[in-house]
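Structure assessment
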Amino acid sequence: MPTMLEEAVAQLDQVAALIKLDEGVHKRLQRAQRALIVSVPTRMDDSQVEVFEGYRVQHDNSFGPTKGGVRYHPDVNLDEVTALAMLMTWKCALMGLPYGGAKGGVRCNPTAMSQGELERMTRRYTSEIVLLIGPELDIPAPDVYTNEQTMAWMMDTYSMQRGMTVPGVVTGKPVLLGGSLGRREATGRGVAFVTAEAARELRISLGGATVAVQGKGNVGGVAARLLHEAGCRVVGLSDSKGGISNGKGLDIPRVLRHLQEGGGFADLPDVDRITNADLLALPVDILIPAALEGAIHEGNADRVRAKLVVEGANGPTTAAADRILEQKGIRVVPDILANAGGVTVSYFEWVQDLQFYFWREEEINQRLQDLMVAVFRRVWEYAAEQRIAMRLAAMSLAVKRVAEAHRIRGLYP
Ligand code: NAD
């Protein structure tokens, strides 16, 4: 199987051929501009020292500082982090944000670590990458198994080293420390906005539309709640261990409350237990993979029965699966568009931090909706005009923009 980076490069190559990308720019964009591997020695609660491997990769900084999340997961590696950084370049370019793409991660098992261990690991990781980050340089944010608390530790560590408080070094912080209202829900909210737009185009009425969501985290949980509020019937929801379904529709607010209070799927009434494989094959109108990359692959794409797939996660559909879905006539709203709400409100957070002036939540949600809908329309129309899938359309618009920046800036020296 190709690695995630090989897939990301293959995707770029395909777009390069389509838009006749300059060969020099193409070669530059196939690689990351900077990559740092760090070792992160951490004292564990049993007083032993564990040494984790961490990464920070900056793919392209033609438009300004780079931006991208930090992931804690046992599978994190340089290949994956580089691919995710590349994806961030396209995402920021597509949304017209003044950022390039970056990503970071630590290879660890966060679910088996205490808060104290996570704090010490986060602080050491931040110190190790401190040369590469800063409000004008590279701005981390939360990703899988990192959250507002992780960002607060990163901001504090960076600030201690600078001798002053620098809120703009990370986004996705607690609101009290310069975080933005609406950031926590922004990615899921953006997913809901583009789902509504795509549904309208495909004549799927949101009222009563059936939805399955893989992943009940920051992205999947919020998307499930907002689509439930919009009148959809969310019939399936899952996490890493499996999921639940109810053909009449899950009581999403109740399910989420139960999970938040520490309950599990197993002790919920009126639901059937299903596997993640079952969830992806549910006969729904809309499927939202919002967990990890590669969820829909060559081996299971044929079982997908949704009319519309909206990629809440980054890279949830492999290239081979993408072809299968296209042959089956299933529309896919690609990750760089569908989950761009997170980086968009991260951008709003950073702007607010730099100005020390904070906006109302309604204003933030409205600006997010305006931008998501406008970019969705641009991608939809370009795809129709060129008779290509939305992923190729979104990628083409993004890569063209980055290529134009490279052309105008020229090659140094
Ligand atoms: P999260 O940690 O809040 O939630 C991840 C969810 O995925 C959890 O419910 C977890 O149980 C589930 N999961 C983990 N492994 C799984 C597996 N093997 N099978 C099924 N489910 C599994 O993370 P998140 O922030 O919601 O991120 C989810 C995805 O969205 C990632 O691909 C991330 O890169 C992407 N994303 C997140 C943001 C953001 O703002 N948080 C923005 C853009 C993209």
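Bear in mind the structure is a predicted one, so any value in this text is a computation, not a measurement.

Considering the sheet that holds strand 11 (residues 308-310)
Strands in a sheet are paired, the pairing made by backbone hydrogen bonds, and the direction either parallel or antiparallel. Within the open sheet, the 7 strands sit side by side as 9-8-7-6-10-11-12. Their pairing is mixed. Taken across any chain shown, the strands that pair with only one partner, and hence form the sheet edges, are strand 9 (272-274) and strand 12 (331-333). Ignoring which end each strand starts from, the neighbouring axes of this sheet average 20° apart.

Some points on unusual backbone geometry
Tyr 412 connects to Pro 413 through a cis peptide bond whose omega is 5°. Note that Pro 413 resides in the segment after helix 14 (390-409). Here the phi dihedral of Asp 270 falls at roughly 60°; this positive angle occurs in a residue that is not glycine. Among the secondary structure elements, Asp 270 is positioned in the loop between helix 8 (252-260) and strand 9. The backbone phi angle of Phe 356 is positive, close to 50°, even though this residue is not glycine. Exposure remark for Phe 356: the relative accessible area of 62% places this residue in the exposed category.

Remarks on the site of the ligand
Inspection of the region around the ligand gives 22 residues, with Asp 143, Thr 187, Asn 218, Val 219 and Asn 314 positioned closest. A distance of 3.2 Å separates an oxygen atom of the ligand from a polar backbone atom of Tyr 145. A distance of 3.0 Å separates an oxygen atom of the ligand from a polar atom in the backbone of Lys 216. Isolated, the ligand exposes 830 Å² of accessible area, and the fraction of that covered by the protein chains is 86%. Those elements giving two or more residues to the shell around the ligand turn out to be helix 6 (183-201) and helix 7 (218-229). Residue composition of the shell around the ligand, by class: 7 nonpolar, 10 polar and 5 charged.

Examining the packing of helix 1 (residues 4-19) against helix 14
Between helix 1 and helix 14, the least distance of the axes is 10 Å, while the angle of their chain directions is 75°. In terms of their interaxial angle, helix 1 and helix 14 are classed as roughly perpendicular. Residues Gln 11, Leu 12, Gln 14, Val 15, Leu 18 and Ile 19 of helix 1 form the contact with helix 14, whose participating residues are Arg 391, Leu 392, Met 395, Ser 396, Val 399 and Lys 400. Taken together, the residues of the contact of helix 1 with helix 14 sort by class into 7 nonpolar, 3 polar and 2 charged.

Some words on the layout of surface pockets
If you add up the space inside the second largest pocket, you get close to 1100 Å³. As for the second largest pocket, its lining consists of 41 residues, of which Gln 11, Thr 318, Ala 319, Asp 322 and Arg 391 are closest to the centre. Secondary structure elements with two or more residues in the lining of the second largest pocket: helix 1, helix 3 (78-95), helix 10 (319-327), strand 12, helix 11 (335-338), helix 13 (361-386) and helix 14. Ranked by the residues each element gives to the lining of the second largest pocket, the list is headed by helix 1, at 7 residues. Residue composition of the lining of the second largest pocket, by class: 20 nonpolar, 10 polar and 11 charged.

A short note on the pattern of salt bridges
Counted by the stated rule, this structure contains 28 salt bridges. Across the salt bridge formed by Glu 197 and Arg 200, the nearest N and O atoms sit 3.4 Å from each other. With Glu 197 and Arg 200 both in helix 6, this residue pair falls 3 residues apart, about one helical turn. On the basis of relative accessible area, Glu 197 is assigned to the buried category, the value being 8%. Residue classification places Arg 200 among the exposed positions, given a relative accessible area of 54%. Of the charged contacts in the structure, one is a salt bridge between Arg 391 and Asp 335, with a shortest N-O distance of 3.8 Å. In this pair, Arg 391 is assigned in helix 14 and Asp 335 in helix 11, connecting sequence segments 56 residues apart. Among the charged side chains, a salt-bridge network with shared partners connects Arg 71, Glu 80, Lys 103, Asp 143 and Glu 293.

With respect to the pairing of strand 4 (residues 100-107)
Of all the 8 residues making up strand 4, 7 are buried; the element is thus mostly covered by neighbouring parts of the structure. Of the pairings in the sheet, the one linking strand 2 (residues 49-60) to strand 4 comprises 7 bridges and is antiparallel in character. Counted as the bridge partner of Arg 56 is Gly 104 from strand 4. Read from strand 3 (residues 66-73) through helix 3 to strand 4, the crossover connection turns out right-handed.

Thoughts on the domain arrangement of the chain
Considered domain by domain, the chain is made up of domain 1 (32-163) and domain 2 (186-329). One C-alpha centre belongs to domain 1, the other to domain 2; they are set 28 Å apart. Listed as interface residues are 10 residues of domain 1 and, on the opposing side, 5 residues of domain 2. Surface buried jointly by domain 1 and domain 2 totals about 480 Å² across both partners, of which 42% is contributed by carbon and sulfur atoms. Counting every contact that joins domain 1 to domain 2 gives 1 salt bridge. Note that Glu 293 is salt-bridged to Arg 71, the shortest N-O span being 2.9 Å.

Thresholds, definitions, all that
Residues numbered from 1 in each chain as written. Predicted model: local features only at pLDDT ≥ 70, side-chain atom pairs only at ≥ 80, totals over all residues. Heavy atoms only, no water. Pairing = 2+ DSSP bridges. Helix = DSSP H or I, 4+ residues; strand = E, 2+ residues; numbered from the N terminus. Axes fitted to C-alpha atoms, helices over the stretch in contact; angles between N-to-C directions. Buried < 20%, exposed > 50% of the residue type's maximum accessible area, 1.4 Å probe, protein only. Near = heavy atom within 4 Å. Polar contact = N/O pair within 3.5 Å; in protein donor to acceptor, adjacent residues only side chain to side chain. Areas by Shrake-Rupley, 256 points an atom, 1.4 Å probe, with all protein chains shown as cover. Nonpolar A, V, L, I, M, F, W, Y, C, P; charged D, E, K, R; others polar. Parallel < 35°, antiparallel > 145°, perpendicular 65-115°, else oblique. Contact = heavy atoms within 4.5 Å. 1 Å grid on protein atoms, 1.4 Å probe; cavity = no way out; pocket = protein on both sides within 12 Å on 5 of 7 lines; lining within 4 Å. Points joined across faces, edges and corners; volume = space filled by probe spheres on them. Salt bridge = Lys/Arg side-chain N within 4 Å of Asp/Glu carboxyl O. Right-handed = clockwise from strand over helix to strand, strands pointing away. Domains from an automatic or database assignment. Buried area = accessible area lost by both parts, 1.4 Å probe.

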